Amino acid sequence: MNITKSAMVTIAGRPNVGKSTLTNALVGEKIAIVSNKPQTTRNRICAVVNRDDTQIVFMDTPGFHKARNKLGDYMDNVVHESIADVDAIVLIVEPIASVGTQETMLIDRIKAQKIPAILVINKIDTLENKEDLFPVIAAYSEAYEFAAIVPISAKNGEGIDELFAEVCKYAAPGPQLFPEGMVTDQPERQIMAEIIREKLLWCLDREVPHGTAVEIDRFSERTDSGIIDLEATIYCEKASHKGIIIGKNGAMLKKISTMARNDCERFMGTKVYLRCWVKVKENWRDSDFLIKNFGYRDE
């Protein structure tokens, strides 16, 4: 593949609107964790897509929200920085015929940066009648003059090719930014930690999973077999949360570990032995030191 054009594109939107699902659909494999809970994504994740002579680097960002702690401040700062110095922005919204407060703030940010923006209306698979899109398009067209408006379903892939074609219009001549075969800038250790955190989001209720962080203590590959030995510590903010994560006779932790191991094996393409521990770090989301220690760093 001879890459002659490239572009950097930010995917932005409110929490739980489908940014990570869209990122995975564009790449064609899972590199960003997903759940039905807001603030699933905490870091900016680069997703690299090569088609024909063009390389597009998509940046999946945390959901833009009102921060309630220092971790939230960090996440919102990631969004702000990601809307600067890119070739285009994809603003992803739900098919609701009004522009919300968070969307208005993001549109104001886009206006200030004077960067071309594509509006993506996600979750069209939830509409009984596609004509219901017209008032959504009208509302956003009144708020801002988007370069293009593309209805999609990130869940089932509808409209993904049309979106990619629109994004490619902003690719400029130049060398590829990432080598062939590389689909993300995330280190494998970080992806493994995120997979474990995804299972915490899937399996646990209320505030418990939002107060968790995962640190990989050991990541080693056996030279004779290629088997990966993985050891991880799950941090939570309260002793009561630790008990919930472990579960009766360790049942919940075993369930989380088994689900995570299966996904780790799919991603790595080899057998993974995973061991998890749970520790309490009270109020870590308001500690600059611990936030950085858990990998949430301003680059």
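Quantities reported herein were computed from a predicted structural model and do not represent experimental measurements.

Draft legend 1. Just the environment of Thr4, in detail. Locating Thr4 in the fold gives a position in the segment before β1 (5–12). Here the alpha-carbon distance between Thr4 and Gln55, two residues 51 residues apart in the chain, equals 8.1 Å. For Thr4, the contacting residues outside a window of four places in its chain are Asp53, Ala172, Pro173 and Gly174.

Draft legend 2. Representation of the pattern of salt bridges in the model. Here the structure, examined in full by the defined rule, presents 15 salt bridges. With a closest N to O distance of 2.7 Å, Lys123 and Glu94 form a salt bridge. On the criterion of sequence distance, the pair formed by Lys123 in the loop between β5 (117–121) and α4 (133–143) and Glu94 in the loop between β4 (88–93) and α3 (101–113) is long-range, its members being 29 residues apart. In this structure, Glu198 engages Lys199 in a salt bridge whose closest nitrogen and oxygen atoms are separated by 2.7 Å. There is no split in this pair, since Glu198 and Lys199 are both buried. Connected through salt bridges with shared partners, the residues Lys30, Glu198, Lys199, Asp263 and Arg266 form a single ionic network.

Draft legend 3. Region of interest: the packing of helix α6 (residues 188–203) against helix α8 (residues 251–268). The N-to-C vectors of α6 and α8 enclose an angle of 140 degrees; their axes lie 9 Å apart at closest approach. Of the possible angle classes, the one that applies to α6 and α8 is oblique. Considering only the axes of α6 and α8, their crossing is right-handed. Between α6 and α8, the contacting residues are Glu188, Ile191, Met192, Ile195, Ile196, Glu198, Lys199, Leu200, Trp202 and Cys203 on the first element and Met252, Lys255, Ile256, Met259, Ala260, Asp263, Cys264, Phe267 and Met268 on the second. Partitioning the contact of α6 with α8 into residue classes produces 14 nonpolar, no polar and five charged.

Conventions adopted
Residues numbered from 1 in each chain as written. Predicted model: local features only at pLDDT ≥ 70, side-chain atom pairs only at ≥ 80, totals over all residues. Heavy atoms only, no water. Helix = DSSP H or I, 4+ residues; strand = E, 2+ residues; numbered from the N terminus. Contact = heavy atoms within 4.5 Å. Salt bridge = Lys/Arg side-chain N within 4 Å of Asp/Glu carboxyl O. Buried < 20%, exposed > 50% of the residue type's maximum accessible area, 1.4 Å probe, protein only. Axes fitted to C-alpha atoms, helices over the stretch in contact; angles between N-to-C directions. Parallel < 35°, antiparallel > 145°, perpendicular 65-115°, else oblique. Left-handed = near helix turned anticlockwise from the far one by under 90°. Nonpolar A, V, L, I, M, F, W, Y, C, P; charged D, E, K, R; others polar.

Fair warning: the whole summary comes from geometry, so function is off the table for now.
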